[in-house]
Amino acid sequence: MFLKTTNSKEDCFLKNVLIFLILLAFNSLQAQEVHSVSLQEAMKLAKENNKKVLKSQLEITLAEQNIKERKELRLPDVELNGMYSRITNITEFKGNGFLNGKEVTKAIPEIYEVNSTFKMPIYVGNKINNAIKIANQENEIAKIKSEKTENDIELEVVANYLAIYKMMELQKIFEENIKEEKSRLKEVQSLQKHGTVTKNEVIRAELQLSDRELNALTNSKNIKIALHDLKTLIQIPENEEIAIDTTSSLDEMNGLDPYDFYMTKALQNEEMRVASQELDISKTELKMVKANYLPSVHFFGNYGFYYPNYKFFPPNPYLYTLGQVGIEASFDLSSLYKNKTKMDQANTKIKWQEMQSEIIKDEIQDKLYAEHTQYQEILEKFVVVDKALDLATENYRIVKLKYLNQLVLITEMVDADNALLQAKYNKISTRLDAILKHYELLHTAGIMPQS
């Protein structure tokens, strides 16, 4: 009976452990869910989820709310006021000397007032219309900046994605090379046992293998860091693992158009449009400064209940009402001599903004010319790197054959191996660099493809 009880407890314990392990494994699988994305999917996710993009969209909302606020300047200002107070009797001094001939008149000690007033602008030198115009121009700038933020993030995603792709391809080369280095090390060790090579060649082969393994380890860690950065850019949850889809096509190159085509587009890119809008704002601000020379006209009115009636003396103890409506005009005479400096400042700001636009234009031209030339150079490298890979492959084959026949030292074998590895990497790297440069050129020209 005792043995049965013990076995039953052990069985229950084992079941609980098994359930716990199953749940742990299930949670672990959930935590390690892999999210594989293509380049186009990554760009689309970044536009939808990136926090900088979402922030720029909020700035558009703020600009739109600012327009509404400026339009409300046309509405009348309405106030409701109330007052209660107690007063003393009225004391008059009718004599010639100080405090002589004092005469006291009884006053009604409590005063009540409730009144409302309104004031609505009729003409204020077109300041309200210009304020609304500036708000609309600022809203347009917010939209352009949001567009630029999206394009900047897309380019950042492209650069990050292609960097990962490049490192992953390099990792494949390293892994293939490590397998070959291990095989070579066995061959060298075997040859050493037969006395055909020295210990130094074995050490050299071991060092070469160790170097490749270290490179592969460093590269794999860099891939993890870059993947984490990409995950942050496109806002993938922390509990999901991300991987890039290397099976999808990355060939986004549609040929190289003439420089003038890109330049024409670049003159209408986001930076140029923002500069143009800022110049327009400066010109509108000048109109607002000029309005200081003009009078202001307002429609106004008020109506109130008052107690007692102090319109008469002595006051009457009666509640009365009084209203007023009319037009008020005002002109600030000091603006005739104070506004001149403001006018000079506004004109100087316009000149500054025009110069800023020209500076931005020159910078875009220089950047675009450099990127167009660099892209052309990369495209021309395709034939060179392809030929270099063929030569490095053939050289490696010849040197390896000589090495196996003990006609060359291991140092030549290592050199041939390094040359082949570099040629393989150069071919992959050049094609990925071309894709990145293509996107950079489109980004500067302001014609990033819509994802």
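Residues numbered from 1 in each chain as written. Predicted model: local features only at pLDDT ≥ 70, side-chain atom pairs only at ≥ 80, totals over all residues. Heavy atoms only, no water.

- For the protein chain, the name recorded in an unreviewed UniProt entry is TolC family protein, with Flavobacterium chungbukense as its organism.
- Checking UniProt for the protein chain, the heading Sequence similarities (unreviewed entry) contains the comment "Belongs to the outer membrane factor (OMF) (TC 1.B.17) family."
- Turning to the protein chain, the UniProt annotation filed under Subcellular location (unreviewed entry) states: "Cell outer membrane". (UniProt positions renumbered as here; feature names shortened; annotations may be inferred.)

Describing the overall build of the protein chain
Stage number 1. Each helix and strand in the protein chain was counted, giving nine helices and eight strands.
Stage number 2. In summary, the protein chain has a C-alpha radius of gyration of 41 Å against a globular reference of 22 Å for 451 residues, an excess of more than 25%.
Stage number 3. Taken along the three principal axes of its C-alpha coordinates, the protein chain extends 140 × 95 × 45 Å.
Stage number 4. Out of the 451 residues belonging to the protein chain, those deemed buried represent 34%.
Stage number 5. A sequence separation of at least 24 residues applies to 81% of the contacts in the protein chain between residues at least 6 apart.
Stage number 6. Both charge centroids of the protein chain, one from 57 positive and one from 65 negative side chains, sit 4 Å from each other. (Helix = DSSP H or I, 4+ residues; strand = E, 2+ residues; numbered from the N terminus. Rg over C-alpha atoms; globule rule 2.2 N^0.38 Å. Buried < 20%, exposed > 50% of the residue type's maximum accessible area, 1.4 Å probe, protein only. Contact = heavy atoms within 4.5 Å. Lys, Arg positive; Asp, Glu negative; His and termini not counted. Charge placed at Lys NZ, Arg CZ, Asp CG, Glu CD.)

Some points on the packing of aromatic side chains
Stage number 1. Taken as a whole and assessed by the stated rule, the structure comprises seven aromatic pairs.
Stage number 2. With a centroid separation of 5.3 Å and an interplanar angle of 75°, the aromatic rings of Phe261 and Tyr262 are classed as edge-to-face.
Stage number 3. Residue classification places Phe261 among the partly exposed residues on the basis of a relative accessible area of 35%.
Stage number 4. You can call Tyr262 buried: its relative accessible area is 1%.
Stage number 5. These aromatic residues form a ring-pair network of at least three members: Tyr84, Tyr112 and Tyr307.
Stage number 6. We note Arg431 situated over the ring of Phe382; from NZ or CZ to the ring centre the distance is 4.4 Å. (Phe/Tyr/Trp six-rings, centres within 6.5 Å; stacked < 30°, edge-to-face > 60°. Lys NZ or Arg CZ within 6 Å of the ring centre and 35° of its normal.)

Section: the nonpolar core
Stage number 1. Residues Val157, Tyr161, Leu230, Ile234 and Tyr439 are the most contacted members of the largest nonpolar core, which totals 44 residues.
Stage number 2. Of all the secondary structure elements, the ones that give two or more residues to this core are α2 (39-49), α4 (127-193), α5 (199-233), β6 (240-244), α6 (259-266), α7 (270-290), α8 (335-404) and α9 (410-445).
Stage number 3. The dominant element in this core, judged by the number of residues it contributes, is α4, at nine residues.
Stage number 4. Grouped together as the second largest cluster of nonpolar side chains are 24 residues, Leu170, Ala216, Tyr403 and Leu421 included. (Core = buried A, V, L, I, M, F, W, Y, C linked by side-chain atoms within 4.5 Å.)

Re the UniProt feature "coiled-coil region" (unreviewed entry) in the protein chain
Stage number 1. Summarizing the sequence annotation, UniProt attributes the feature "coiled-coil region" (unreviewed entry) to residues 132-191 in the numbering used throughout.
Stage number 2. From the first C-alpha to the last, residues 132-191 spans 87 Å; its make-up is 100% helix and 0% strand.

Some points on unusual backbone geometry
Where the residue is not glycine, phi is negative for most of them; where a peptide bond is considered, it is trans in most cases.
Stage number 1. Backbone torsion omega between Tyr307 and Pro308 reads -10°, so that peptide bond is classified as cis.
Stage number 2. Examined against the element boundaries, Pro308 turns out to sit in the loop between β7 (296-307) and β8 (320-330).
Stage number 3. At Asn126, a position not held by glycine, the phi torsion is positive, near 65°.
Stage number 4. Checked against the element boundaries, Asn126 lands in the loop between β5 (110-123) and α4.
Stage number 5. Even without being a glycine, Gln235 presents a positive backbone phi close to 60°.
Stage number 6. With respect to the element layout, Gln235 can be found in the loop between α5 and β6.

Topic: α2
Stage number 1. Burial in α2 covers these residues: Leu39, Ala42, Met43, Ala46 and Lys47. Down the axis of α2, the buried set is contained in an arc of 135°. They therefore lie on one face. (Arc of directions from axis to C-beta.)

Examining the pattern of salt bridges
Stage number 1. Scanning the entire structure with this criterion turns up 21 salt bridges.
Stage number 2. Here Lys148 ties to Asp152 by a salt bridge, and the two come within 3.0 Å at their closest N and O atoms. Within this pair, Lys148 and its partner Asp152 are both found in helix α4, separated by four residues, close to a single helical turn.
Stage number 3. In this structure, Lys424 and Glu176 form a salt bridge, with 4.0 Å as the shortest nitrogen-oxygen distance. With Lys424 in helix α9 and Glu176 in helix α4, this pair connects stretches of sequence that are 248 residues apart.
Stage number 4. One salt-bridge network, in which partners are shared between bridges, spans Glu180, Glu181, Arg184 and Lys400. (Salt bridge = Lys/Arg side-chain N within 4 Å of Asp/Glu carboxyl O.)

Details of α7
Stage number 1. When the terminal C-alpha atoms of α7 are compared, their 31 Å separation across 21 residues agrees well with the 30 Å that a helix rising 1.5 Å per residue should span.
Stage number 2. Residues Glu270, Met272, Val274, Ala275, Gln277, Leu279, Ile281, Ser282, Thr284, Leu286 and Val289 constitute the buried set of α7.
Stage number 3. For α7, the elements touching its buried residues are α4, α6 and α8. (Expected span 1.5 Å × (residues − 1).)

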